[in-house]
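Fold and geometry: a report
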Amino acid sequence: MANDEPNQRIKFAYKLDGWSYEEGSQALLKAQADKVIPSDYTADMEGNIFCPACFTNLIRVPKEKDHFSNGRDAYFAHVRKYREVKCDLRTKRAEGKRYDTYEEAQKAIDDENLVIISGFLQEKPERPEDPAGAYDETPVEDENGPASEVPIGRHKGESFILPSKISTVAGICRNFDENLYKYYHLPGRRNAVRLIDLLHHVKDVTEEDESDRLYYGWVKRSFCTAKNPKPHNIRMTELDCNREVHDFYLKANEEISQRKGINDQTTGRIVIMYGKIAENGIGLCIEDLAWGEFALLPAQYNYLLNT
């Protein structure tokens, strides 16, 4: 029987026939399993689908239909057998993760379950361009950062010195499905939080916010403010926003926007940004972002942020 979980934060389940929580390797599950969403579920999957966070068995609710009678979409939920296994996807919003020892935190990094980000890349790296003249963001953009004192110890005031990354939002967008359930420690944070809980939908924003956060939004349109654009001109990318907000824009210069793939044809894509919310006339905006602080999400992952 499934728990009555009041959320749909389990965006996909790992499916691997014959694997078990008690005896199976989590690394093997992540490497070999298929990823299925609730609408993919079929009866023969029962017993072979697993949580992407705690790796215990899941079931779809309702089991036989894609929708409830009120039209609500079916969702994945944990089975009661493993109710003693702690999983922060059981709740609407998690407080984050703390670690008992330095060794536990280091192992989480080694197992690629924890990412320490000491900062986002401020300038475009000098990389050779391909013959067509196009810059390709590759994993080489994410560099090893300094060892950082990170306040993620279990006990009050306890910090660990851990290796960090100087990263890019583009790096977070690569293999986004795998990253979604990893813990990230962002600059200025008190603990590590799963990426899914760090991402704030622009449609939920109604006022300015001076805190740096990760936001995402769906592009309604994008245009340059100049008729004959120069690299330094501003490109205005309008995002679908809250009805209480007149409009919401990502404002970045034309050259960087184009390098990021943001142009007049970007409608319907998702952009992820790290920054502050500011006023923009009678609306809101995110502006003055550095090279590594925004990127388009590959369209293949749009389903993970459908709300």
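Residues numbered from 1 in each chain as written. Predicted model: local features only at pLDDT ≥ 70, side-chain atom pairs only at ≥ 80, totals over all residues. Heavy atoms only, no water.

Attention shifts here to the pairing of strand S17 (residues 270-280). In terms of burial, S17 is largely enclosed, as 8 of its 11 residues are buried. As paired strands, S17 and strand S19 (residues 294-296) are joined by 3 bridges and run antiparallel to one another. Of the residues in S19, the one forming a bridge with methionine 273 is phenylalanine 294. Of the pairings in the sheet, the one linking S17 to strand S18 (residues 283-287) comprises 3 bridges and is antiparallel in character. (Buried < 20%, exposed > 50% of the residue type's maximum accessible area, 1.4 Å probe, protein only. Helix = DSSP H or I, 4+ residues; strand = E, 2+ residues; numbered from the N terminus. Pairing = 2+ DSSP bridges.)

A word on the sheet that holds strand S3 (residues 49-50). Taken in spatial order, the 3 strands make up an open sheet running S2-S1-S3, and their pairing is antiparallel. The outermost strands of the open sheet, each flanked by one partner alone, are strand S2 (34-36) and S3. Judged from the 2 bridges that link them, strand S1 (residues 13-15) and S3 form a sheet pairing that is antiparallel. Bridge pairing in S3 places lysine 15 opposite isoleucine 49.

Let us now look at the confidence of the model for the protein chain. Per-residue pLDDT for the protein chain averages 89, and the proportion of residues at 70 or more is 92%. This stretch, residues 131-136, has a pLDDT under 50; its non-local contacts, to residues over four places away or in other chains, come to 9 contacts. (pLDDT = per-residue confidence, 0-100. Contact = heavy atoms within 4.5 Å.)

For the rest of this paragraph, the subject is the sheet that holds strand S11 (residues 183-185). Ordered in space as S7-S10-S6-S11-S12, the 5 strands form an open sheet in which the pairing is mixed. The open sheet is flanked by strand S7 (143-144) and strand S12 (193-194), the only strands paired with a single partner. The pairing of S11 with S12 spans 2 bridges and is antiparallel. If you follow tyrosine 184 over to S12, its bridge partner there is valine 193.

What follows concerns the state of the cysteines. All chains considered together, the criterion is met by 0 disulfides. No disulfide involves cysteine 54; its sulfur sits 3.7 Å from that of cysteine 87, the nearest cysteine. (Disulfide = S-S within 2.5 Å.)

Moving on to a negative patch on the surface. Side chains of Glu207, Glu208, Glu210 and Glu279 sit close together on the surface and give a patch of like negative charge. Here glutamate 208 lies in the loop between strand S13 (199-201) and strand S14 (209-224). Judged by its relative accessible area of 44%, glutamate 208 is partly exposed. (Patch = residues over 30% accessible without salt bridge, like charges linked within 9 Å, V, L, I, M, F, W, Y side chains within 5 Å. Areas by Shrake-Rupley, 256 points an atom, 1.4 Å probe, with all protein chains shown as cover. Salt bridge = Lys/Arg side-chain N within 4 Å of Asp/Glu carboxyl O. Lys, Arg positive; Asp, Glu negative; His and termini not counted. Charge placed at Lys NZ, Arg CZ, Asp CG, Glu CD.)

What follows concerns the side chain of lysine 15. Tracing the chain through its elements places lysine 15 in strand S1. Side chain to side chain, lysine 15 and aspartate 17 meet in a polar contact 3.3 Å long. Excluding residues within four positions of it along the chain, lysine 15 makes contact with Ala33, Asp34, Val36, Met45, Asn48 and Ile49. (Polar contact = N/O pair within 3.5 Å; in protein donor to acceptor, adjacent residues only side chain to side chain.)

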